[in-house]
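# A look at the structure
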Amino acid sequence: QVQLVESGGGLVQPGGSLRLSCAASGIIFSINDMGWYRQAPGKQRELVALISSGGRSNYADSVKGRFTISRDNAKHTAYLQMNSLKPDDTAAYYCNAYIHNGQGIMEYWGKGTLVTVSS
């Protein structure tokens, strides 16, 4: 059974930084795209950043220049470095990945990690 586990969330002041991690475990043949999404209270889940297996990345306009997505393929782990955080970045952050588990490519989600930006 493949699992995605996020870590690194917490409370940070405006202008601060956090680094989120997403570790995949289980039977993994390969991992295609990995991404970070977020959902603020009362809002729909939205894409924050995506990274392909080759390292090509895309970002939501609201985080360009402040957030950086990366991955370590050997560790089956994706990261989200978040700088210059704003109160509007407050949300639950979810990891998403398309993983070949030996039987085919399936989409997986983590349970989320909470990021709160407040003074």
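Scroll up to find the structure.
Let us look at the structure shown here. (Residues numbered from 1 in each chain as written. Predicted model: local features only at pLDDT ≥ 70, side-chain atom pairs only at ≥ 80, totals over all residues. Heavy atoms only, no water.)

## Re the nonpolar core
Core analysis: the largest hydrophobic core is formed by 31 residues, its most contacted members being Trp-36, Leu-80, Met-82, Tyr-93 and Ile-99. Of all elements in the fold, only strand S3 (18-25), strand S4 (30-39), strand S5 (46-51), strand S7 (67-72), strand S8 (77-82), strand S9 (91-100) and strand S11 (113-117) reach the threshold of two or more residues within this core. (Core = buried A, V, L, I, M, F, W, Y, C linked by side-chain atoms within 4.5 Å. Buried < 20%, exposed > 50% of the residue type's maximum accessible area, 1.4 Å probe, protein only. Helix = DSSP H or I, 4+ residues; strand = E, 2+ residues; numbered from the N terminus.)

## As for the pattern of salt bridges
Where charged atoms of side chains with opposite charge meet at close range, the side chains can pair. Taken as a whole and judged by the stated rule, the model has four salt bridges. In this structure, the salt-bridge partner of Asp-89 is Arg-38, at a minimum N-O distance of 2.9 Å. Remark: Arg-38 occurs in strand S4 and Asp-89 occurs in the loop between S8 and S9; sequence separation between them is 51 residues. Asp-61 serves as the salt-bridge partner of Lys-64, at 3.1 Å between the closest nitrogen and oxygen. Its relative accessible area of 65% is what places Asp-61 among the exposed residues. Taken together, the shared-partner salt bridges connect Arg-38, Glu-46, Arg-66 and Asp-89 into one network. (Salt bridge = Lys/Arg side-chain N within 4 Å of Asp/Glu carboxyl O.)

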